[in-house]
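One-letter residues, chain by chain:
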Amino acid sequence: MSDTAETTVATATPGDRGLPAAVVSGIAANAAAGRTAKRGSGPRKAVLAIAALVVLFAVPFMANTYIVFVVSLTLVYAVSTIGFNLLVGWSGQIGLAHAALFAVGAYGSAVATAGGVPFLLTIPLAGLAAALLAVVIGFPAIRLRGFFLAIATLALGMAIVELLTFAQPITGGGGGMNVEVFSLPGINDSASTYFIVLTVAAITFFLVRRALIGRFGRTLQAVRDLGQLTGSLGVSALRYRLVAFGLSGFVAAVAGTLYAQLQTFIFPAMFQMNLLVPMLVMVFVGGAGSLWGPLVGAGFAIVLTEFFQDLGDQQAIAYGLVLMLAIALLPGGLTSLARTIGDSRFAARLPWRRGSTGSDVAEETP
């Protein structure tokens, strides 16, 4: 698709190509608002991102091995959630094969490394293999929507995990397999793994963010909101949905390669529903369709799990109650907290908010 066709999705005028005027005007308004917000908050977010990277880089020098592991695990889940959010939040497809594609990355990297392939090379190779598999999964399921798409992709994902169990000569079957841990020269294993995870997470977030704040992201949102109506703008909804499947699978597998390095031992049962459900929770609690939602959701879920670790059998109950409360109070996820507070009646009563509202009304009154 040409750049002109993609730009049309975000800048079309009412009545263009037969789309309802209200719909097209809404897309144009959202795109304009996004560009304005980007210009106003870009430097501030860049400073915050650099500060966060500096703090994260210092973690191995300031914390014990357990804290380093927890932060590493959070970053791995954040990478995985970035890919899942791209599919669920940005393209609007509830594809539930994500944990299986995560497993493809973990096993693909572990098997390739055992066969003599350098670990760093296995990261993109596993990602490409999972992206191809995701497109194969998505192609027959892509015309389904909602519940039917979720069930179809869940079944295919479960089949992939079962295949890992049956491929015992390669994967070790249900008994699992050891993972050869890659170490950077002169750095101990835990710190080495941490720095690799941090680097890959930063690169993934940067690249995905760059893609989503541009025409590609706006087009995905249009496909999510309008579906087949985008065809009248020269945009193939099916093609963009497949692209979303492929990119989501690639990022999931990249996270899987890091997860295998972090765990040092993997087995098929690790990648079933007990992994898929937390991934869904991270997407929706963090904020589906939000750029920062995956990072916030992953951090919240991991910290909450560690906080409730001493509750034993009651951990799952406490975990579920807190998550349900968070979703009930913040349907837009934790990243919408500031906006929710700003829109509340309490905030509207603040003197400076009343003054700004009055001036806005005065400016709008002829």
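The text that follows walks through the structure, step by step, so that each part is easy to find. Because the structure is predicted, anything quoted here is derived from the model rather than measured. (Residues numbered from 1 in each chain as written. Predicted model: local features only at pLDDT ≥ 70, side-chain atom pairs only at ≥ 80, totals over all residues. Heavy atoms only, no water.)

### Some details on helix α4 (residues 98-114)
Here α4 contains 17 residues, and its C-alpha end-to-end distance of 24 Å stays within 8% of the 24 Å for a straight helix at 1.5 Å per residue. The buried count for α4 comes to 13 of 17 residues, which makes it a mostly enclosed element. A positive backbone phi angle near 105 degrees is found at Gly-116, which sits one or two residues after α4. (Helix = DSSP H or I, 4+ residues; strand = E, 2+ residues; numbered from the N terminus. Expected span 1.5 Å × (residues − 1). Buried < 20%, exposed > 50% of the residue type's maximum accessible area, 1.4 Å probe, protein only.)

### Focus on the packing of helix α11 (residues 273-286) against helix α12 (residues 293-307)
Interaxial distance between α11 and α12 falls to 7 Å at its minimum, and their mutual angle equals 120 degrees. The angle between α11 and α12 places the two elements in the oblique class. Regarding α11 and α12, the two cross each other, and that crossing is right-handed. On α12, the residues that touch Met-282, Val-285 and Gly-286 of α11 are Gly-293, Gly-297, Ala-298, Phe-300 and Ala-301. (Axes fitted to C-alpha atoms, helices over the stretch in contact; angles between N-to-C directions. Parallel < 35°, antiparallel > 145°, perpendicular 65-115°, else oblique. Left-handed = near helix turned anticlockwise from the far one by under 90°. Contact = heavy atoms within 4.5 Å.)

### Here we look at the environment of Leu-280
Counting through the fold element by element, Leu-280 comes out in helix α11. A relative accessible area of 22% means that Leu-280 is categorised as partly exposed. Note: C-alpha distance between Leu-280 and Asn-85 (195 residues apart in sequence) is 8.8 Å. Discounting chain neighbours no more than four positions away, the residues touching Leu-280 are Phe-84 and Leu-96.

### Things to note about the side chain of Thr-257
Within the fold, Thr-257 resides in helix α10 (residues 237-263). A residue is classified by how much of its surface remains accessible, and Thr-257, at 0% relative accessible area, is buried. Not counting residues within four places of it along the chain, the set of residues in contact with Thr-257 comprises Gly-105, Ala-106, Ser-109, Phe-119, Thr-122, Ile-123 and Ala-126.

### Digging into a nonpolar patch on the surface
On the surface, Leu-144, Phe-147, Phe-148 and Ile-151 cluster together into a nonpolar patch covering about 430 Å² of accessible area. With respect to the helices and strands, the residue Phe-147 is situated in helix α6 (residues 146-166). For Phe-147, a relative accessible area of 60% corresponds to the exposed category. (Patch = residues over 30% accessible without salt bridge, like charges linked within 9 Å, V, L, I, M, F, W, Y side chains within 5 Å. Areas by Shrake-Rupley, 256 points an atom, 1.4 Å probe, with all protein chains shown as cover. Salt bridge = Lys/Arg side-chain N within 4 Å of Asp/Glu carboxyl O.)

### Concerning the environment of Met-158
Tracing the backbone through its elements, the reader meets Met-158 in helix α6. Residue classification places Met-158 among the partly exposed positions, given a relative accessible area of 48%. Separated by 113 residues in sequence, Met-158 and Phe-271 have C-alpha atoms that sit 9.0 Å apart.

### Concerning the nonpolar core
Core analysis: the biggest nonpolar cluster contains 83 residues, and Ile-266 and Phe-271 have the highest contact counts within it. Considering every element that reaches this core, the biggest residue donor is helix α3 (residues 65-90), with 15 residues. Not counting the four nearest positions on each side in its chain, Phe-271 is found in contact with Ala-99, Phe-102, Ala-103, Ala-106, Tyr-107, Val-161, Tyr-259 and Ile-266. Residues Val-281, Leu-304, Phe-308 and Leu-323 belong to the second largest nonpolar core, which totals six residues. (Core = buried A, V, L, I, M, F, W, Y, C linked by side-chain atoms within 4.5 Å.)

Shape is all these values report; function is a separate question.
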